[in-house]
There are 2 protein chains.
Amino acid sequence: MRNLLLLSNSTMHGTEYLQYAAENVKSFLKKFSVEKVLFIPYALTDYDKYEHKVKQAFSKFGFDLKSIHRYESPIDAISEAQAIYCGGGNTFCLLKALYDFKILKPIRDRVLLDGVPYIGASAGSNVATKSINTTNDMPIVYPPSFVALELLPFNINPHYIDADVNSKHMGETREERIKQYHEVPNTPPVLCLREGSMIQVEGDNILLKGLKSARVFIRDEEPKEYDVGTDLSFLLKH
Amino acid sequence: MRNLLLLSNSTMHGTEYLQYAAENVKSFLKKFSVEKVLFIPYALTDYDKYEHKVKQAFSKFGFDLKSIHRYESPIDAISEAQAIYCGGGNTFCLLKALYDFKILKPIRDRVLLDGVPYIGASAGSNVATKSINTTNDMPIVYPPSFVALELLPFNINPHYIDADVNSKHMGETREERIKQYHEVPNTPPVLCLREGSMIQVEGDNILLKGLKSARVFIRDEEPKEYDVGTDLSFLLKH
């Protein structure tokens, strides 16, 4: 039943919040006749400020939006939601809050059983997957687990960036980090979304959309590039 | 009693392993008449290969070295150690192994109570501090806690890198990440060591050494730069 729109990032350099993905967000939500979106702001600390910024963007797109922190019961907010938007920030803060407020399973059930459309950006895309093992964020708080919403059985690496061949910095490249992850036994595929890219998921169909090709890492295989428009549904079968 | 040499990184671009810090490592270990170093390889997965590489470097410096994975009992290895070198790699893997092998407290006791000299590089410097909350690494495994060896009461960010003002990438800069950490209540100072820098700690004296200035972030204060040669002992008082 799942309907997901998972963005690498919310903002492209020099443009407004979600501007690059405006048409994708609009057509995705309109298909389900959504009028009002439930916003999950937990990846940042100032929920009011974050809601204000996101509300402005969604309002331009023609949708009302309210943050979950305005509701007395977060669980009631989820059971009433027509659609969910989970914004970016720090993935560890976000996942910890989902555990603290006990809303991991309620969100999963609404999306997987009731078909409530879910949009994620950056950290909001990380938590939509199997786990947050491939976030780029700093582990500034300790969540009770790295297991996430499991709306998909693989991992996403948002903000994917190719190695700068001229760099003299000795920190690991993104590719090296993902390969280190795949040295751990039984780790799932990692879909690396460059900034400007996204996937749209309808049931068992995954389509790569946006501006840039994506890179897929599968354990014990060479990484592969996939162009915008590619059907990535094979990721569900690993 | 602590005697620590904590390096930002093991290797500078275009030079050999630990070459930039050779004189620092040699004079540090000679002061304690060390002949043999116990190596902790858990930040990488191939312990034999890692030991081989590190053994070559220490051999050039005039020291014998053996990896802890060669001992039947890791705890016995630590109780016999003349000095400990904890190498870089993935901080989450390293800390998880310290917990799994139950050697966190044995190492802490040997360093803080017996004065056994400890050298760390990158992940090995992260785990020497209060916690791994300010590692740059990807969370590829889940350790039972982010609390680390607590040889020092603050955090280190190794491989510190200044923001590239020309970058169009929208991932957070290192400075933004540290500031997000300090939005969490009661977080300690973060000492950011650029590649090529290190601190030498003798009891309550901390000296900045190496090639580059360091940046210190303290919660609710503006970050400050400190030149090589600066006494950073004030970090113990926060």
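Reading the values: rules and limits
Residues numbered from 1 in each chain as written. Chains lettered and ligands numbered in written order. Predicted model: local features only at pLDDT ≥ 70, side-chain atom pairs only at ≥ 80, totals over all residues. Heavy atoms only, no water. UniProt positions renumbered as here; feature names shortened; annotations may be inferred. Helix = DSSP H or I, 4+ residues; strand = E, 2+ residues; numbered from the N terminus. Rg over C-alpha atoms; globule rule 2.2 N^0.38 Å. Buried < 20%, exposed > 50% of the residue type's maximum accessible area, 1.4 Å probe, protein only. Contact = heavy atoms within 4.5 Å. Areas by Shrake-Rupley, 256 points an atom, 1.4 Å probe, with all protein chains shown as cover. Lys, Arg positive; Asp, Glu negative; His and termini not counted. Charge placed at Lys NZ, Arg CZ, Asp CG, Glu CD. 1 Å grid on protein atoms, 1.4 Å probe; cavity = no way out; pocket = protein on both sides within 12 Å on 5 of 7 lines; lining within 4 Å. Points joined across faces, edges and corners; volume = space filled by probe spheres on them. Nonpolar A, V, L, I, M, F, W, Y, C, P; charged D, E, K, R; others polar. Buried area = accessible area lost by both parts, 1.4 Å probe. Polar contact = N/O pair within 3.5 Å; in protein donor to acceptor, adjacent residues only side chain to side chain. Salt bridge = Lys/Arg side-chain N within 4 Å of Asp/Glu carboxyl O. Pairing = 2+ DSSP bridges. Axes fitted to C-alpha atoms, helices over the stretch in contact; angles between N-to-C directions. Disulfide = S-S within 2.5 Å. Least-squares fit on C-alpha atoms with pLDDT ≥ 70 in both.

The name that an unreviewed UniProt entry assigns to chain A is dipeptidase E, with the source organism given as Ranatra chinensis. Recorded in UniProt under Subcellular location (unreviewed entry), the annotation for chain A is "Cytoplasm". Taken from UniProt, the Function (unreviewed entry) comment for chain A reads in full: "Hydrolyzes dipeptides containing N-terminal aspartate residues."

Scanning chain A from N- to C-terminus turns up 7 helices and 11 strands. On C-alpha atoms alone, chain A measures out to a radius of gyration of 17 Å, which is about the 18 Å that the 2.2 N^0.38 rule sets for 238 residues. Buried residues in chain A amount to 58% of all 238 residues. Counted over contacts in chain A with a minimum sequence separation of 6, partners at least 24 positions apart contribute 69%. When the accessible surface of chain A is split by element, carbon and sulfur atoms take 49% of a total near 9800 Å². Once the 28 positive and 30 negative side-chain charges of chain A are each reduced to a mean point, those two points are 2 Å apart.

Scanning all chains against the criterion turns up 2 cavities of 30 Å³ or more. Each pocket or cavity is described by its volume, and for the largest cavity that value is around 60 Å³. For the second largest cavity, the calculated volume is near 40 Å³. What lines the second largest cavity is simply Gly89, Thr91, Ser122, Ala123, Asn126, Thr135, Asn136, Asp137, Pro158 and His159 of chain A together with Glu172 of chain B. Broken down by secondary-structure element, the contributors of at least two residues to the lining of the second largest cavity are helix H6 (123–126) and strand E6 (155–160) of chain A. When its residues are assigned to classes, the lining of the second largest cavity shows 2 nonpolar, 7 polar and 2 charged.

Counting residues at the interface gives 41 residues for chain B, matched by 41 residues for chain A. Of the roughly 3400 Å² buried between chain B and chain A, counting both surfaces, carbon and sulfur atoms make up 60%. There are 23 residue pairs in polar contact (both at pLDDT 80 or more) connecting chain B and chain A. When contributions to the side of chain B that touches chain A are tallied by element, the ones reaching two or more residues are strand E6 (155–160) and helix H7 (174–181) of chain B. The leading source of residues in the side of chain B that touches chain A is H7 of chain B, at 5 residues.

Residue and element names in this part refer to chain A. Tallied over the full model, the rule gives 36 salt bridges over all chains. A salt bridge links Arg2 to Asp204; its shortest N-O distance comes to 2.8 Å. Linking Arg2 in the segment before strand E1 (3–7) with Asp204 in the loop between strand E8 (197–202) and strand E9 (205–210), this pair joins segments that are 202 residues apart in sequence. For Asp204, a relative accessible area of 54% corresponds to the exposed category. A salt bridge links Glu175 to Arg215; the shortest N-O distance between them is 3.4 Å. Of this pair, Glu175 sits in helix H7 (residues 174–181) while Arg215 is found in strand E10 (residues 214–217), placing the two residues 40 residues apart along the sequence.

Residue and element names in this part refer to chain B. With respect to topology, 4 strands assemble into an open sheet ordered E6-E7-E10-E11, the strand pairing being mixed. Taken across any chain shown, the strands that pair with only one partner, and hence form the sheet edges, are E6 and strand E11 (224–226). The average angle at which neighbouring strand axes cross in this sheet is 25°, direction not considered. With 4 bridges connecting them, E6 and strand E7 (residues 190–194) associate as parallel partners. Bridge pairing links Asn157 to Cys192 in E7. Taken strand by strand, H7 contacts E6, E7 and strand E10 (214–217), and its axis lies near 170° from that of E6.

Our focus in this paragraph is the state of the cysteines. Tallied over the entire structure, the rule returns 0 disulfides over all chains. The thiol of Cys86 of chain B is unpaired, and the distance to the nearest cysteine sulfur, on Cys93 of chain B, comes to 12 Å.

On to the relation of the copies chain B and chain A, then. Turning chain B through 180° and shifting it by 0.0 Å along the axis lays it on chain A, with an RMSD of 0.0 Å. Between the two chains, the operation in question is that of a two-fold axis. A shared binding surface is used by both copies, with 100% of the interface residues of chain B retained as interface residues in chain A.

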